[in-house]
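Structural features, examined
The chain contents come next:
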Amino acid sequence: MAKTNGKPYPNLIGGDWKAPSDNVLENHNPADYNEVVGLFPMATLDDTKSAIDSARAAQPAWSKTPAPARGAILDKASQILTSRLDEIATALTREEGKTLAEAKGEVTRARDIFKYYAGEGWRYSGQVIPSSVNDELLYTRREPLGVVSIITPWNFPIAIPAWKIAPALIYGNTVVFKPAEDAPHTALLLVEALVEAGLPAGVINFLTGDGALIGTEMASNPSVNGITFTGSHNTGTKVYQNAIKNMARVQLEMGGKNALVILKDADIDLAVKLAITGGFGLTGQACTATSRIIVEEEIADAFVSALTTAAKNLKVGNGLENGINMGPLVNQDQLQTSQSYMAIAQKEGAKLLLGGEVDGAKGYFAQATIFDHVQPNMRIAQEEIFGPVISIIRANGINDAIEKANAISFGLSASVVTNNLKGAFAFANQVDAGVVKINEPTTGLALNAPFGGFKGSSANTFKEQGGAALDFYTRTKTIYVNHG
Ligand code: NAD
């Protein structure tokens, strides 16, 4: 069965584990692409339809299971994730590339998300509304949407599935889940934890393979009631167009081009720390990564010099090794994208201060790269790179800085570094982004707060995470009871 030395892993359809046939998806280690870390099924269209049918068949019984009992399964899954934290984090680093410390942080996040939504089973409710007539009880009931398709990217291969799957399940939906081609193993380990925790057959179905083939069916099948997608803007647009044919509910979270704005009164050491974390943490492969730094001219030279010195010390290498600050990019395409933007930036006239090179001999490694004197209309200031490339844009005053921060088609995350309360609030109120930070990195989110972008970063329909997830994963029924 296996074409190479990788271990074969299954899909899950209607409670049955389905091993790969001859047609497999090879999953490689981005730090050493000769290592095949696993072979996954290339699910067919029939597999996809049968996964959706299984989810549909399992939904009535699952929605009738009391919510606290559903929560108990999520809680058990959370405990299983805790007991396997090191194993899952290692698998994550091996297929996605981020450092082991970053991977452990992500698995911990997934565990906490399951714990949080397990508790939701005891809490969520509808409303009792004051009636305008006598002897009438007027109330609302939150009901599950039904079958939810979950399509996720590779860059947070357990946290993003967790923040979609946990609320889908707690509110009584059944799920068809398709992870990205580059990180199916971590996703499978999450599904295994749910099955081991006691999730009934058909409540979660897991498919791997060709994203366009499986994903198109998952978005357009009339038995699917809701589609939640995180990924690129291009793919998200296709998902929306397919879903709208059935008037299915859609949630899309997509790319970013996030700005860290540094005002002239900022603590430069703090600004450097936030720039390194947001720009080079996770190898720049976060939707909320700092891609642009907009700094007031008065302190620009001092900041740029301190940032360049700090970034020089970052050690790039295999994320499983000790002392590595930045793992590889996830695949050849990502490597080429970073490399091509490094060339485009120089052609456009930006000044290269650090890095600018990639090393694809064994894995997909890119240097921490900084460009100065970037103009807001340059391609590197406008387009998502999704790699360790920071563009410095200089600004004259806070209004110019905010204007430059807003001069993009995305609106995911933005941060300001300042000691000035007035500047901080002016920024928070005027910046066009769904997540705003003050003296914090553009990356990093609270699991119990609403998350979602503005403009081209999102479908701008429903927020994710925390209590906000209730709105996407349930429909509201209004009930009038005349008891007179
Ligand atoms: P991608 O769009 O290439 O793929 C995302 C998912 O869509 C994958 O599972 C893929 O297999 C699937 N897919 C591919 N073609 C499809 C189709 N025609 N129909 C349905 N599904 C299809 O994105 P990626 O490269 O995996 O992830 C990187 C992107 O994700 C970046 O743009 C990043 O900013 C974004 N992202 C956004 C957030 C957020 O919350 N806003 C978080 C993480 C990543």
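This is a predicted model, so every value here is computed, not measured.

Of regular secondary structure, the chain possesses 15 helices and 23 strands. For 484 residues, the compact-globule formula gives about 23 Å, and the C-alpha radius of gyration of the chain, at 23 Å, lands near that figure. Over its C-alpha atoms, taken along the principal directions, the chain stretches across nearly 75 × 65 × 40 Å. Classification of the 484 residues of the chain by burial places 56% in the buried group. Within the chain, counting contacts between residues at least 6 apart in sequence, those at least 24 apart form 73% of the total. When the accessible surface of the chain is split by element, carbon and sulfur atoms take 50% of a total near 18800 Å². Where the 41 positive side-chain charges of the chain centre and where its 48 negative ones centre are 3 Å apart.

A contiguous nonpolar patch, built from Val-128, Leu-137 and Val-481 and spanning about 240 Å² of accessible area, is present on the exposed surface. When you line up the elements, Leu-137 lands in strand 6 (residues 136–144).

Overall, antiparallel pairing links the three strands, which are arranged 5-6-23 in an open sheet. For this open sheet the edge positions go to strand 5 (128–129) and strand 23 (474–482), each flanked by a neighbour on one side alone. With two bridges connecting them, strand 5 and strand 6 associate as antiparallel partners. Bridge assignment links Val-128 to a residue of strand 6, and that residue is Tyr-139.

What follows is about the nonpolar core. Membership of the largest hydrophobic core comes to 64 residues, with the highest contact counts inside it found for Phe-114, Ile-165 and Leu-169. The element that contributes the greatest number of residues to this core is helix 5 (residues 159–170), accounting for nine residues. Lining this core are residues from two domains, each supplying at least three of them: domain 1 (7–254 + 458–480) and domain 2 (258–438). With near-sequence residues (within four places) excluded, Phe-114 lies in contact with Leu-74, Ser-78, Leu-81, Ala-162, Ile-165, Ala-166, Leu-190 and Leu-194.

Taken together, the six bridges between strand 3 (residues 24–29) and strand 4 (residues 32–41) define a ladder with antiparallel strand orientation. Of the residues in strand 4, the one forming a bridge with His-28 is Val-36. A loop of two residues connects strand 3 with strand 4, the two strands running antiparallel in sequence.

Further remarks concern the site of the ligand. Taken together, 29 residues sit near the ligand, with Thr-152, Glu-181, Ser-232, Met-254 and Glu-384 positioned nearest. Side-chain polar atom of Ser-232 to an oxygen atom of the ligand: 2.6 Å apart, as the coordinates give it. The separation between a nitrogen atom of the ligand and a polar main-chain atom of Met-254 is 2.8 Å. Within the complex, 90% of the 860 Å² of free accessible area of the ligand lies under protein. Broken down by secondary-structure element, the contributors of at least two residues to the shell around the ligand are helix 7 (211–220), strand 10 (226–230) and helix 8 (233–244). Here the shell around the ligand takes four residues from helix 7, the largest share from any one element.

This model, assessed by the stated rule, comprises 23 salt bridges. Among the ionic pairs, Asp-112 bridges to Arg-111, the shortest N-O distance being 3.0 Å. The partner of Glu-181 in a salt bridge is Lys-178, and the shortest N-O contact between them spans 4.0 Å. Overall, Glu-181 belongs to the partly exposed group, its relative accessible area being 32%. Classification of Lys-178 by relative accessible area gives buried; the value is 2%. A single network of salt bridges, built from pairs that share partners, joins Arg-141, Glu-143, Arg-475 and Lys-477.

All told, the structure shown has nine aromatic pairs when counted by the stated rule. On the basis of an interplanar angle of 85° and a centroid distance of 4.8 Å, the ring pair of Tyr-124 and Tyr-171 is categorised as edge-to-face. Of this pair, Tyr-124 sits in the loop between helix 4 (100–123) and strand 5 while Tyr-171 is found in the loop between helix 5 and strand 8 (174–178), placing the two residues 47 residues apart along the sequence. Arranged with centres 5.5 Å apart and planes meeting at 75°, the rings of Trp-154 and Phe-386 form a pair that is edge-to-face.

Each assigned domain of the chain is listed with its residue range as follows: domain 1 (7–254 + 458–480) and domain 2 (258–438). A C-alpha centroid distance of 31 Å is found between domain 1 and domain 2. Taken together, the contact pairs 21 residues of domain 1 with 26 residues of domain 2. Of the roughly 2000 Å² buried at the junction of domain 1 and domain 2 (both faces included), carbon and sulfur atoms supply 61%. The largest contributions to the domain 1 side of the interface with domain 2 come from Ala-31, Tyr-33 and Trp-154, which together make up 28% of the buried area.

Their axes nearest at 8 Å, the elements helix 2 (residues 67–83) and helix 6 (residues 184–196) cross at an angle of 130°. In terms of orientation, helix 2 lies oblique with respect to helix 6. Like other packed secondary-structure pairs, helix 2 and helix 6 cross with a definite hand, here right-handed. Of the residues in helix 6, those touching helix 2 at Ile-73, Lys-76, Ala-77, Ile-80 and Leu-81 are Leu-190, Ala-193, Leu-194 and Glu-196.

This part is about the sheet that holds strand 13 (residues 290–296). Spatial strand order, 14-17-18-13-12-20-21: seven strands in an open sheet with mixed pairing. A strand with exactly one partner marks an edge of an open sheet, and here the two such strands are strand 14 (351–354) and strand 21 (435–438). Mean inter-strand twist for the sheet, computed between neighbouring axes without regard to direction, equals 20°. In terms of strand pairing, strand 14 meets strand 17 (residues 369–372) through three bridges, oriented antiparallel. Across the sheet, residue Leu-352 finds its bridge partner in strand 17, namely Phe-371. Across the sheet, helix 10 (residues 297–312) lies against strand 12 (258–262), strand 13, strand 14, strand 17 and strand 18 (389–395), angled at about 140° from strand 13, the strand it touches most.

Rules used throughout
- Residues numbered from 1 in each chain as written.
- Predicted model: local features only at pLDDT ≥ 70, side-chain atom pairs only at ≥ 80, totals over all residues.
- Heavy atoms only, no water.
- Helix = DSSP H or I, 4+ residues; strand = E, 2+ residues; numbered from the N terminus.
- Rg over C-alpha atoms; globule rule 2.2 N^0.38 Å.
- Buried < 20%, exposed > 50% of the residue type's maximum accessible area, 1.4 Å probe, protein only.
- Contact = heavy atoms within 4.5 Å.
- Areas by Shrake-Rupley, 256 points an atom, 1.4 Å probe, with all protein chains shown as cover.
- Lys, Arg positive; Asp, Glu negative; His and termini not counted.
- Charge placed at Lys NZ, Arg CZ, Asp CG, Glu CD.
- Patch = residues over 30% accessible without salt bridge, like charges linked within 9 Å, V, L, I, M, F, W, Y side chains within 5 Å.
- Salt bridge = Lys/Arg side-chain N within 4 Å of Asp/Glu carboxyl O.
- Pairing = 2+ DSSP bridges.
- Core = buried A, V, L, I, M, F, W, Y, C linked by side-chain atoms within 4.5 Å.
- Domains from an automatic or database assignment.
- Near = heavy atom within 4 Å.
- Polar contact = N/O pair within 3.5 Å; in protein donor to acceptor, adjacent residues only side chain to side chain.
- Phe/Tyr/Trp six-rings, centres within 6.5 Å; stacked < 30°, edge-to-face > 60°.
- Buried area = accessible area lost by both parts, 1.4 Å probe.
- Axes fitted to C-alpha atoms, helices over the stretch in contact; angles between N-to-C directions.
- Parallel < 35°, antiparallel > 145°, perpendicular 65-115°, else oblique.
- Left-handed = near helix turned anticlockwise from the far one by under 90°.

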